[in-house]
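What the coordinates show
Residue strings, one per chain:
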Amino acid sequence: MKNQSIWFPFTQMKTADEPLKIVRAKDTVLYDEEGKEYIDANSSWWVNVHGHGNKHIGDAIYEQFQKLDHVLLAGVEHPKAKELADRILTKVDSSFTKVFFSDDGSTAVEVALKMVFQFWFNREEPKRRIIALDGAYHGDTFGAMSIGQRGYFNRPFEHLFFDVDFLDFPTELNQLEVLQNAKRLMETGEFAAIILEPLIQGSAGMRTYDLDFLEEVMTLAKRNNVKIIFDEVMTGWGRTGQLFTMDYLTQMPDIVCLSKGLTGGVLPLGLTVATDEIFNAFLDDEKSKALLHGHSFTGSAIACAAACASLDIFEKEETWQRISQIVQWHSGFKSKIHEHSAVFSVRQLGTILAVEINEKEQTGYFSTIRDQAYRYFLDHGILLRPLGNVLFLNPPYCITEEELAKCYAVIESFLDSLR
Ligand SMILES: *Cc1c(COP(=O)(O)O)cnc(C)c1O
């Protein structure tokens, strides 16, 4: 890359291609400098759930700007933060009673970690260990990296991470063993919490696991007084077919982290939603028992207005019709290609469709097929960032049947080219 003032994320600047230059976007389509169109097949890293340039969200932002752009949230309340928190609580189980604001998915996770560790600290119970799942991704800050998959991405920092007990990723074969292992750990009484991406791990390659496993590990956690954190940063906002993935469950976590699609993908915002039980452990005459955490932009009024407008859209029947349409279309395409010789497996959870390509040697993030696929899709007018040998679609919900059919056709022709 030449003459660059931008240091790009997740990019080896020495060998990277010139960046795609996007100047405009509307609904599902991104336009480059020359007017060439690209379907935003991954919703710009999961955030853009309602499509680009959504008028309802745009109007809400402008209106909010004219009233109040931003005010600090410590000791000050403003109507949009209040409205957003109140409305979020009507959409989750009634055991959740408090919403803490931060800036993005990573900070929502950091806040959740602080909440559980301080919960036990304030109660003077020595629970200091934490369980996570092998292959997890919870963000790029130090706490979030600590509880995530160790390896390529964060080796230079590994000596700084806190200790975490990782459970093997549950499959049909090892599920019982993983549960036994979880039980053995939890029964030590030393664990503050378990953190999970419910039902699907994103950056591990759209790996799905059983609802039964999730229920059982939660039952174990509850029985052994281990707090449960759900990282729904990626799985929230209709992605898996329900508003939140926890809506599929019979029991609830203690804390839920939300971000990505929260504002409809137009402004950064993170939320950490907690139960009354968690919150009550911070109430004390002693100020140091409070959650002494906050960011400059905590509760940004404009971001809250965007999030409320996004909630309006989720309250429309039409949005859910679109979501179930995508689920159906995906499932049709899944049956069509699952026996393709270049396909190792096809996985679907709601509006997420992942195609894992058969590969002899290299797998994982650095697989060469990744670069080949990425360029192929760009050439065919689709912006799709594969995770190694996993191609995945998680489009904005306003995607048309025609646009999605184009994505399927290009995936299929790419698979054919590998034969
Ligand atoms: C993206 C993601 C995060 C981190 O969110 P950022 O907004 O990128 O900091 C955390 N957890 C999961 C599951 C994610 O997919």
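Residues numbered from 1 in each chain as written. Predicted model: local features only at pLDDT ≥ 70, side-chain atom pairs only at ≥ 80, totals over all residues. Heavy atoms only, no water.

1. Let's talk about the overall build of the protein chain
Helix and strand counts for the protein chain come out as 12 helices and 16 strands. Buried residues in the protein chain amount to 52% of all 419 residues. Nonlocal contacts in the protein chain, meaning residues at least 24 apart in sequence, comprise 70% of its contacts between residues at least 6 apart. Accessible surface for the protein chain amounts to roughly 19900 Å². Of this, 52% is attributable to carbon and sulfur atoms. Measuring between centres, the 41 positive side-chain charges of the protein chain sit 2 Å from its 59 negative side-chain charges. (Helix = DSSP H or I, 4+ residues; strand = E, 2+ residues; numbered from the N terminus. Buried < 20%, exposed > 50% of the residue type's maximum accessible area, 1.4 Å probe, protein only. Contact = heavy atoms within 4.5 Å. Areas by Shrake-Rupley, 256 points an atom, 1.4 Å probe, with all protein chains shown as cover. Lys, Arg positive; Asp, Glu negative; His and termini not counted. Charge placed at Lys NZ, Arg CZ, Asp CG, Glu CD.)

2. Things to note about the domain arrangement of the protein chain
One can read the domain layout of the protein chain as domain 1 (56–314) and domain 2 (317–417). Distance from the C-alpha centre of domain 1 to the C-alpha centre of domain 2: 28 Å. At the interface, 20 residues of domain 1 touch 18 residues of domain 2. Summed over both partners, the interface of domain 1 with domain 2 comes to about 1600 Å²; 68% of that surface belongs to carbon and sulfur atoms. Looking at the side of domain 1 facing domain 2, the largest losses of area belong to M206, R239 and F314, adding up to 41% of the total buried there. (Domains from an automatic or database assignment. Buried area = accessible area lost by both parts, 1.4 Å probe.)

3. Concerning the layout of surface pockets
What the second largest pocket holds in volume is close to 430 Å³. If you go around the second largest pocket, you meet 21 residues; those closest to its centre are L73, V76, V99, F101 and T298. The set of elements that each furnish at least two residues to the lining of the second largest pocket consists of α3 (79–91) and β4 (96–102). Here the lining of the second largest pocket is built from residues that sort into 10 nonpolar, seven polar and four charged. (1 Å grid on protein atoms, 1.4 Å probe; cavity = no way out; pocket = protein on both sides within 12 Å on 5 of 7 lines; lining within 4 Å. Points joined across faces, edges and corners; volume = space filled by probe spheres on them. Nonpolar A, V, L, I, M, F, W, Y, C, P; charged D, E, K, R; others polar.)

4. Comments concerning the site of the ligand
By nearness alone, every residue bordering the ligand is listed as D104, G105, S106, Y137, H138, G139, E197, D231, V233, M234 and K260. K260 places a side-chain nitrogen or oxygen 2.6 Å from an oxygen atom of the ligand. Contact with the protein chains hides 82% of the accessible area of the ligand, taken as 380 Å² for the molecule alone. Here the residues of the shell around the ligand are counted per class, giving three nonpolar, four polar and four charged. (Near = heavy atom within 4 Å. Polar contact = N/O pair within 3.5 Å; in protein donor to acceptor, adjacent residues only side chain to side chain.)

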